[in-house]
Amino acid sequence: MGVQAPPGLLGIHTNFPGAVRPDVTAAVQSGGPAPSGLDDEETRLYEKLRDFWATDVAYALELATHPQTLYGIADSPVGLAAWMLDHDATSLALIARVFDGQAEGLTRDDVLDNITHYWLTNTGISSGRLYWENKFGFFDPKGVSIPVAVSVFPDELYQVPQSWAEQAYPNLIYYNKVDKGGHFAAWEQPQLFSEEVRAGLRSLR
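Throughout what follows, the structure given in this document is the object of discussion. Fair warning: this is a prediction, and the values are worked out from it, not measured in the lab. (Residues numbered from 1 in each chain as written. Predicted model: local features only at pLDDT ≥ 70, side-chain atom pairs only at ≥ 80, totals over all residues. Heavy atoms only, no water.)

1. Digging into the environment of Ile146
Where we set the bar: The way it works is that DSSP assigns letters per residue, a run of H or I at least four long becomes a helix, a run of E at least two long becomes a strand, and they are numbered from the N terminus. The contact rule is simple, with two residues in contact once any of their heavy atoms fall within 4.5 Å.
Turning to its location among the elements, Ile146 is positioned in the loop between α7 (129-133) and β2 (148-152). Residues Ile146 and Leu80, 66 residues apart in the sequence, show an inter-C-alpha distance of 38 Å. Apart from residues lying up to four places away in sequence, Ile146 is in contact with Gly2, Ala5, Leu9, Gly11, Ile12 and Asn171.

Next comes the structure, spelled out in structure tokens:
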């Protein structure tokens, strides 16, 4: 929506900004050394993205190139649950803590309800077509010129530095780091997420 900027769209809020510098993306995908000139925060970000690309991006590449190959999960609730829980190490760790008794964020019922929702609606495969239809790089700037609010959650796949957000979004109107939440922030931390959306877009009211 931000790229298309249809009439009436005043601005967007995102907690997964496309704002990684092109030289960093190239280094991540090639497995090469970090670009020169990165500060400590940017170097840590490069290393996190490099590790994700090396070990955990396969699920996204599968969905982007062969989305229908996973048709087996439409026939097996156990297969669907396994795919949803363990497609990347970060998501698995955040979900597993719920079953280890930690109360932060999601509950066991939240996780099981989510899987059940996909099972009953038979949308385990079709929901992944986003990866097939998306032609942009995962983390690349996408040319958004309308006002943008960015919330940075600590357990997201990466935490964009404010300087990168400013470069990617020339009309950045809000940038804030919060103390909890991850990739599925709206699901994990709905109160905090809604507060961030309101704060981020308040100036456009």
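2. Observations regarding the packing of aromatic side chains
Each pair of aromatic rings is reported with the distance of its centres and the angle of its planes. What counts, and what does not: In summary, the pairing rule links any two rings of Phe, Tyr or Trp, Trp by its six-membered ring, whose centres are within 6.5 Å, and it sorts them by plane angle into stacked for under 30 degrees, edge-to-face for over 60 and tilted for everything else. Using a 1.4 Å probe on the protein chains alone, a residue whose accessible area is under 20% of its type maximum counts as buried, one over 50% counts as exposed, and one in between counts as partly exposed.
Taken as a whole and judged by the stated rule, the model has six aromatic pairs. Ring geometry for Phe139 and Tyr158: centres 5.3 Å apart, planes at 80°, overall edge-to-face. Linking Phe139 in the loop between α7 and β2 with Tyr158 in the loop between β2 and α8 (162-168), this pair joins segments that are 19 residues apart in sequence. Overall, Phe139 belongs to the buried group, its relative accessible area being 6%.

3. Overview of the pairing of strand β3 (residues 172-177)
We apply this condition: When DSSP finds two or more bridges between a pair of strands, those strands are recorded as paired. Orienting the strands away from the viewer, one traces the path from the first strand over the helix to the second; a clockwise path indicates a right-handed crossover.
By the bridge criterion, five bridges tie β2 to β3 in an arrangement that is parallel. In the strand pairing of β3, Ser151 is matched with Asn176. In the classification by handedness, the crossover that spans β2, the intervening α8 and the parallel β3 is right-handed.

4. Examining the environment of Ser126
For Ser126, the position within the fold is in the loop between α6 (108-121) and α7. A C-alpha to C-alpha distance of 34 Å links Ser126 and Asn171, two positions 45 residues apart in sequence.

5. Some points on the sheet that holds β2
How we decide: Axes here mean lines fitted to C-alpha atoms, for a helix over just the part in contact, with angles spanning 0 to 180 degrees between N-to-C directions.
The strand order across the open sheet formed by three strands is β1-β2-β3, and the pairing between neighbours is parallel. Each of the sheet's edge strands pairs with one partner strand only, and the pair in question is β1 (12-14) and β3. The sheet shows a mean angle of 10° between the axes of neighbouring strands, direction not considered.

6. Concerning the packing of helix α4 (residues 77-85) against α6
Just so we agree on the cut-off: To sort the angles, those under 35 degrees are grouped as roughly parallel, those over 145 as roughly antiparallel, those from 65 to 115 as roughly perpendicular, and the leftovers as oblique. Two helices crossing with the near one rotated counterclockwise from the far one by less than a right angle form a left-handed crossing, whereas a clockwise rotation gives a right-handed crossing.
Where α4 contacts α6, the axes come no closer than 10 Å and their chain directions differ by 125°. Classified by the angle their axes make, α4 and α6 are oblique. In the packing of α4 onto α6, the handedness of the crossing is right-handed. Together, Pro77, Leu80, Ala81, Met84 and Leu85 of α4 and Val111, Asn114, Ile115, Tyr118 and Trp119 of α6 make up the contact between the two elements.

7. Remarks on the packing of helix α1 (residues 22-30) against helix α2 (residues 40-55)
As a packed pair, α1 and α2 sit with axes 8 Å apart at the nearest point and diverge in direction by 40°. Looking at the two axes, α1 sits oblique to α2. The two elements α1 and α2 cross, and the hand of that crossing is right-handed. Of α2, the residues touching α1 (which contributes Val24, Ala27, Val28 and Gln29) are Tyr46, Leu49, Arg50 and Trp53.

8. Observations regarding the nonpolar core
So the rule is basically this: Throughout, nonpolar core names a set of buried Ala, Val, Leu, Ile, Met, Phe, Trp, Tyr and Cys residues whose side chains join them through atoms within 4.5 Å.
Within the largest apolar cluster, 41 residues are counted, with the highest numbers of intra-cluster contacts made by Val20, Val24, Leu49, Val150, Tyr158, Val160 and Trp164. Among the elements that line this core, the one with the most residues is α2, at four residues. Core analysis: the next-biggest nonpolar cluster, separate from the first, contains five residues, Phe153, Val178, Leu192 and Phe193 among them.

9. Section: α2
Filter applied, for reference: Given the number of residues in a helix, its expected span is that number minus one, multiplied by 1.5 Å. Directions from the helix axis toward the C-beta atoms define the arc. In the analysis that follows, any N or O atom pair within 3.5 Å is treated as a polar contact, provided that within protein one partner can donate a hydrogen and the other can accept it, and provided that, for residues neighboring in sequence, both atoms belong to side chains.
Taking 1.5 Å per residue, 16 residues should reach 22 Å; α2 reaches 23 Å between its end C-alpha atoms and fits that length. Listed as buried for α2 are Glu42, Leu45, Tyr46, Leu49 and Phe52. Relative to the axis of α2, the buried residues are bounded by an arc of 130° and lie together on one face. Facing away from the buried side of α2, by more than 90 degrees, are the exposed residues Asp40, Arg44, Ala54 and Thr55. Packed against the buried residues of α2 are α1, α3 (58-65) and α8. Here α2 starts with a cap whose side-chain oxygen sits 3.2 Å from the backbone nitrogen of Glu41, and that cap is Asp39.

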